[in-house]
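Listed here are the chains, written in short residue letters.
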Amino acid sequence: MRPNLKGSPARASRKHRGPRRKGPLLPQSVRRMEKRLATTVGEASRLARMRAGLTQADVAERIGVATEVYGRMERGKMLPSISTLLRLCVVLRSGPDELMGLAPIHGAPERSPWASEVPAGLDDTPEMRRVLRTLRRMKRPQLKLMYLVATAILTRP
């Protein structure tokens, strides 16, 4: 390295160093296994979501992640954390064994051990979920106006 004007060595530019990695360097076999697991979880999540009639935005909202993050999970680009996997199991009414490929993906949701823990209200229609998501983004005056419109529509003969 050559010294800069202040006398301290100049730092090498980013392009001359190797790729930056988070955490310890993992063996190639472990990285392949994680990639395969991410793909399996993503495909199983997508099938369970479609079976439940939910959109990616619905699932993302219910598990507490951004829609883009859930989309990356479904495409197999990232693995969910353990707590996110648990919430995903509850929302999609699937066991972790199904989502990780340890059990048949096409198992009936009522056979899932998580089905009894699903909060009430998840059986709403996709249209109702879209309306509720839109209403949550509105300000108070807009909500009052929507309430008036809804009551006017419902009171019509």
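These numbers come from a predicted model, not from an experiment.

(A) Geometry of the overall build of the protein chain. For the protein chain, the count of helices and strands is seven helices and zero strands. Its helices and strands in sequence order give the protein chain the pattern α-α-α-α-α-α-α, from N to C terminus. Buried residues in the protein chain amount to 24% of all 157 residues. Contacts spanning at least 24 positions in sequence make up 54% of the contacts within the protein chain whose residues lie at least 6 apart. Carbon and sulfur atoms provide 60% of the accessible area of the protein chain, an area that totals close to 11,700 Å².

(B) Local environment of helix α3 (residues 67-74). Along α3, the residues classified as buried are Tyr 70, Gly 71, Met 73 and Glu 74. Seen along its axis, α3 keeps its buried residues to an arc of 160 degrees; they face one direction. If you follow the buried residues of α3, they end up packed against α1 (28-52), α2 (56-63) and α4 (82-92). Backbone geometry just after α3 places Gly 76 at a positive phi near 80 degrees.

(C) Geometry of a positive patch on the surface. A surface patch of positive charge is lined by Lys 35, Arg 72, Arg 75 and Lys 77. When you line up the elements, Arg 75 lands in the loop between α3 and α4. For Arg 75, a relative accessible area of 54% puts it in the exposed group.

(D) Spotlight on unusual backbone geometry. Residues other than glycine seldom take positive phi values, yet Arg 93 does so here, at roughly 55 degrees. Here Arg 93 lies in the loop between α4 and α5 (96-99). Relative accessible area serves as the criterion here: at 26%, Arg 93 is assigned to the partly exposed category.

(E) Representation of the nonpolar core. Val 59, Ile 63, Tyr 70, Leu 88, Leu 92 and Leu 99 are the most contacted members of the largest nonpolar core, which has 14 residues in total. Of all the secondary-structure elements, those providing two or more residues to this core are α1, α2, α3 and α4. Per-element accounting of this core gives the leading share, five residues, to α4. In contact with Leu 92, not counting residues within four places along its chain, are Ser 45, Ala 48, Arg 49, Arg 51, Leu 54, Val 59 and Tyr 70.

(F) View of the confidence of the model for the protein chain. Looking at the protein chain as a whole, its pLDDT mean stands at 78, while 71% of the residues score no less than 70. Within the model, the stretch residues 108-118 combines pLDDT values under 50 with 16 contacts to residues more than four positions away or in other chains.

(G) Just α2, in detail. Taken together, the buried positions of α2 are occupied by Asp 58, Val 59, Ala 60 and Ile 63. Once α2 finishes, Gly 64 follows within two positions and takes phi at roughly 80 degrees, a positive value.

(H) Up close: the packing of α1 against α3. Packing of α1 against α3 leaves a shortest axis separation of 7 Å and a crossing angle of 115 degrees. Compared by their axis directions, α1 and α3 come out roughly perpendicular. On α3, the residues touching Ala 38, Gly 42, Glu 43, Ser 45, Arg 46 and Arg 49 of α1 are Tyr 70, Met 73 and Glu 74. Taken together, the residues of the contact of α1 with α3 sort by class into three nonpolar, two polar and four charged.

Calculation notes
Residues numbered from 1 in each chain as written. Predicted model: local features only at pLDDT ≥ 70, side-chain atom pairs only at ≥ 80, totals over all residues. Heavy atoms only, no water. Helix = DSSP H or I, 4+ residues; strand = E, 2+ residues; numbered from the N terminus. Buried < 20%, exposed > 50% of the residue type's maximum accessible area, 1.4 Å probe, protein only. Contact = heavy atoms within 4.5 Å. Areas by Shrake-Rupley, 256 points an atom, 1.4 Å probe, with all protein chains shown as cover. Arc of directions from axis to C-beta. Patch = residues over 30% accessible without salt bridge, like charges linked within 9 Å, V, L, I, M, F, W, Y side chains within 5 Å. Salt bridge = Lys/Arg side-chain N within 4 Å of Asp/Glu carboxyl O. Lys, Arg positive; Asp, Glu negative; His and termini not counted. Charge placed at Lys NZ, Arg CZ, Asp CG, Glu CD. Core = buried A, V, L, I, M, F, W, Y, C linked by side-chain atoms within 4.5 Å. pLDDT = per-residue confidence, 0-100. Axes fitted to C-alpha atoms, helices over the stretch in contact; angles between N-to-C directions. Parallel < 35°, antiparallel > 145°, perpendicular 65-115°, else oblique. Nonpolar A, V, L, I, M, F, W, Y, C, P; charged D, E, K, R; others polar.

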